[in-house]
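Geometric and topological summary
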Amino acid sequence: MQLKIQTILDRYGADKTRLMDILWDVQRSDGFISEEATEALAEGLNMSACDIHETASFYHFYFTQPPGKHKIFLADTVIARAKGYEQLRETLERVCGCAFGNVDDSGTFGLYDTNCIGLSDQEPAMMVDDIVFTNLTPEKVERIIAGLKAGKSAETIAGVDRLDPAKIEYVEALVEDNIQNEGPVFFRADRDYPTLLENALEMLPDEIIEEVTNSGLRGRGGAGFPTGLKWRLGRDAEGEEKYIICNADEGEPGTFKDRVLLTRSPGDVLLGMIIAAWGIGSRQGIIYLRAEYWYLKAYLEQQIEDFRKHGLLGNNILGKNFDFDIRIQMGAGAYICGDETALIESCEGKRGTPRVKPPYPIQQGYLGMPTSVNNVETFAAVSRIIAKSADWFNALGTDESTGTRLLSVSGDCERPGIYEIEWGVSLNKVLRMVGAVDPMAVQISGPSGECVSAIQDGERLFCYSDLSCNGSLMIFNRHRDLLDIVENFMRFFVDESCGICVPCRAGGVDLYQKIRLIRAGRGSEKDLADIRSWGTLMHATSRCGLGTTAAKPLLTTLDKFPELYEKLLVTPEGPLLPSFDLKAALQAHEQAYQDLVQEKQS
Amino acid sequence: MSIRITIDGHEVIAQHGDRLVDVAADNGVYIPTLCYQRGKPCLGTCRACSVRVNGNVMAACTVPVSDGMEVEVNEPEVADMRKALVELLFAEGNHNCPSCEKSGRCELQAVGYEVGMMVSRFPYRFPVRERETAPEKLWLERDRCIFCQRCVEFVRDKETGRKIFSIDHRGTHASIEVDVALANKMPDEQVREAAELCPVGCIIEKGLGYNDPIGRRKFEIKSIRERALKRKHK
């Protein structure tokens, strides 16, 4: 054990900021992170064991107990739930011989819940070890488990065992791209990256930043911060080193555009990062890739290697006095790491808790140095802006929302997948384009966004001042139980809250209980008032974007579909609220009394 | 650089970049805090110091003051938010003041009085969290932990600098933990400091409790408000 741990530590120079990688290596070698390994790591890194465990236990995909030979994660999403999720769950429990959250007696299977894994256009889906299986049916699940029982690997069952994980064929065999239309900015075929970079490096760093500023590009992760301004601040910030981080922790339920960009146009993303590095003056870049996309890791590493071979990454890029390289940092299962400061904490080997701001990452980010964190799509857009011109990009979209954006469309429509839309198009137009079927509600930007009515809001426009979509678009038809969806979203936020601040950690649970209460037919007008008031509290006082938006599934559906709530409310009779179960309360007392009597007698 | 800001309409002079919560205290305006301690790095976890800054609600411990800032502390809506956050904590854990060793010297209890809390508006959860009694000199009463992070950030092994306290898991599953071997190495004085540092009755020094008679307990001698406002020097 000591020797093995020492080998792993040596790989990272016993640098505790690389704890995420170290924990992954331990887990991939031993199956889990044992107490013994934790103690050995603690000694090697001059940390306490509890300090290591603090990080390990934060992330969903690290195990500190044996997790079963095959780890199976079934994505529990509202889209999967509309497509037979429950039945799959039952099937898995039956054929694996254990309940979710457990390992079967033989130690072969561990069944685990997980939130959206970025495959909403081909759900139901699950991860088995490093492999994903999509468009699941009970029969397909039975076949997969039978294969595992017969000693086959997940790769063999998926038919990718003979394919090279570094090649696109491997990725394509596992998941579909579903790119549904051709737009002006993304997924352009056969781009000549050496020439494109050579042209870009003809420009001075300040010119690059000016061009990006003039393009009007705003961050595509959702917040919409002007990219040029961020880079200007980064260029002007003082720091021995500066870092470029690509946020590929695409965790918002319903979004999968970054997965497709990284599959189809990884060069655009890398080129965008190199251009950013040239502009800001950075020598090191990181792609923070969510662990759900493990099947993209080898492929992306190959793309980076190819760039190095062509002299586009590494020292003296294209013969210039410009060094820049990129490494991939794997996440380990935490939605909160999509927040840029939580992501940076994670890159430093810590729990993914958002930092107190100020200072902002562009002043003090990764390892305390100026750091520009941008979304995958932002970098891809930059690669095109620099190739075509700011004016060209600016002419697309609207005055305040320039260019195009990618939508990940899922739910009740004929053609789920990736769409490139120009900012400024209406919701109705998008719904027609994707073949929405009898839509009632549209969830814009995932749970953290807004639930709008397909009827009332059809003429609203996609742009930063109206529907400022982060890329996730889920369509729910008239037959969907919207409040069930709200409950699922509220549970999602409870699951994913890091817990560092009070309103999000504690308030989220109370709001989740409220929707359950109302759905159980035990809510009254007072509960709706509480939801509004407590939701406002969370929005106003939480530390990061997760907490400030966590009440939105409730608040936005209450606003658009109040009748769904009202029809479930009951009017209190007498002084007691309908949520108070007098009988149960008295029974609890009686039970406690009986327990005491029995205790005394025995 | 000297600047001017207003707090509840009163103009005050401060140094650019000073923490709002300190500036307020220096000018006689009490803002409750449960994680923040003057002179120590800001933790920003409890949010009990939430005030309105130029119209937006912000935690006062996280805000560096700048010229022209308009701050509302005692405006009713934001004052009620602070109260609600304290109530959330009372409902989330088990805080039975009358039977708690920390009663009278507990910051959560004292702040509860300051915000005028009578009962929590949130449903009490009565969590069952196992206590940690393994360390020789202290124990953790986990169902009182408010996850302020003070012990995690500020208590270190003197010899190696390693963390002694930590928080496992996340969200509702979060749990305060202690490294028993390191805790057993803590000198008595450090154990006392850790227990004092804890704003609630979670870290308790073994062999010490209920020592001061009612009426002569810490916050009865001098209230938490008086203590916060007194310390003017930096």
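Residues numbered from 1 in each chain as written. Chains lettered and ligands numbered in written order. Predicted model: local features only at pLDDT ≥ 70, side-chain atom pairs only at ≥ 80, totals over all residues. Heavy atoms only, no water.

Regarding empty space enclosed by the protein
Heads up, the rule is: Cavities and pockets were defined on a 1 Å grid built over protein atoms only: a cavity is a set of grid points that admits a 1.4 Å probe from which the probe cannot escape, a pocket is an open set flanked by protein on both sides within 12 Å along at least five of seven lines, and lining residues are those with an atom within 4 Å of any such point. Grid points are joined across faces, edges and corners, and a volume is the space filled by probe spheres set on the points. Each residue gets one of three labels, nonpolar for Ala, Val, Leu, Ile, Met, Phe, Trp, Tyr, Cys and Pro, charged for Asp, Glu, Lys and Arg, and polar for the others, Gly among them. How far each domain reaches was decided by an automatic or database domain assignment.
For the structure on display, the rule yields nine cavities of 30 Å³ or more. Its volume calculated, the largest cavity comes out at about 130 Å³. Lining the largest cavity are 15 residues, and of these A:Arg290, A:Glu292, A:Ala334, A:Tyr335 and A:Glu496 lie nearest its centre. Taken together, the residues that form the lining of the largest cavity break down as five nonpolar, five polar and five charged. When we break the lining of the largest cavity down by domain, the ones giving at least three residues each are domain 2 (70–162) and domain 3 (193–394) of chain A. Considering only enclosed or pocket space, the second largest cavity measures out at about 100 Å³ in volume. If you go around the second largest cavity, you meet 15 residues; those closest to its centre are B:Cys145, B:Cys148, B:Cys151, B:Cys198 and B:Pro199. A class-by-class count of the residues in the lining of the second largest cavity yields 13 nonpolar, one polar and one charged.

Some thoughts on the side chain of A:Thr557
All names here are of chain A. Note the cut-off: Labels follow the DSSP assignment, with helices taken as runs of H or I lasting at least four residues and strands as runs of E lasting at least two, numbered in each case from the N terminus. Only protein chains enter the area calculation, which uses a 1.4 Å probe; residues under 20% of their type maximum are buried, those over 50% are exposed, and those in between are partly exposed. Two N or O atoms form a polar contact when they lie within 3.5 Å of each other; inside protein one atom must be a possible hydrogen donor and the other a possible acceptor, and for residues adjacent in sequence the pair counts only when both atoms belong to side chains.
You can see threonine 557 is positioned in helix 24 (residues 552–560). The class of threonine 557 is buried, set by a relative accessible area of 2%. Engagement of the side chain of threonine 557 in a polar contact is seen with the backbone oxygen of leucine 554, the distance being 3.1 Å. Within polar-contact distance, the side chain of threonine 557 engages the side chain of tyrosine 565 at 2.7 Å.

A closer look at the domain arrangement of chain A
All names here are of chain A. The condition is simple: In what follows, residue pairs with any heavy atoms lying within 4.5 Å of each other are defined as contacts. What gets called buried area is simply the loss in accessible area from a 1.4 Å probe that two parts show on being joined, summed for both. Salt bridges are counted wherever a side-chain nitrogen of Lys or Arg sits within 4 Å of a carboxyl oxygen of Asp or Glu.
As assigned here, chain A comprises domain 1 (2–56), domain 2 (70–162), domain 3 (193–394), domain 4 (406–480) and domain 5 (484–602). Taking the mean C-alpha position of each, domain 3 and domain 4 sit 27 Å from one another. Facing 16 residues of domain 3, the contacting portion of domain 4 comprises 16 residues. At the boundary of domain 3 with domain 4, total buried surface from both sides reaches about 1200 Å², with 60% on carbon and sulfur atoms. Broken down residue by residue, the surface that domain 3 buries against domain 4 is led by Glu252, Phe256 and Lys257, which jointly contribute 36%. Counting across the interface, domain 3 meets domain 4 through zero salt bridges. For the interface between domain 3 and domain 4, the tally reads eight residue pairs in polar contact (both at pLDDT 80 or more). For the side of domain 3 that touches domain 4, the per-class residue count stands at five nonpolar, six polar and five charged.

Some thoughts on the packing of aromatic side chains
Which entries qualify depends on this criterion: Aromatic pairs are defined between Phe, Tyr and Trp rings, using the six-membered ring for Trp, whenever the two ring centres lie within 6.5 Å; interplanar angles under 30 degrees are classed as stacked, those over 60 as edge-to-face, and all others as tilted. Criterion for a charge above a ring: Lys NZ or Arg CZ within 6 Å of the ring centre, and within 35 degrees of the ring normal.
Summed over the entire model, instances satisfying the criterion amount to 19 aromatic pairs over all chains. Each ring, one from A:Tyr335 and one from A:Phe492, has its centre 4.7 Å from the other, and the planes form 70°; the classification is edge-to-face. Note that A:Tyr335 is positioned in the loop between strand 7 (325–330) and helix 16 (340–347) and A:Phe492 in helix 20 (residues 482–496), a separation of 157 residues in sequence. Each member of the pair, A:Tyr335 as well as A:Phe492, is classed as buried. Three or more aromatic residues joined by ring pairs make a cluster, and in this case those are A:Trp24, A:Phe58, A:Tyr59, A:Tyr62 and A:Trp294. Here A:Arg290 stacks its cationic end above the ring of A:Tyr293, 5.3 Å away from the centre of that ring. For the cation-ring pair, B:Arg170 lies above A:Phe58, with the distance from its terminal atom to the ring centre recorded as 5.7 Å.

What to know about the pairing of strand 4 (residues 56–59) of chain B
Residue and element names in this part refer to chain B. In plain terms, the rule: At least two DSSP bridges between two strands are required for those strands to pair.
Here strand 4 shows a buried face lined by Val57 and Ala59 and an unburied face lined by Asn56 and Met58. Pairing between strand 3 (residues 50–53) and strand 4: four bridges, direction antiparallel. Counted as the bridge partner of valine 53 is asparagine 56 from strand 4. Here strand 3 folds back onto strand 4, and the loop between the two strands holds two residues, one of which, asparagine 54, carries a positive phi near 50°.

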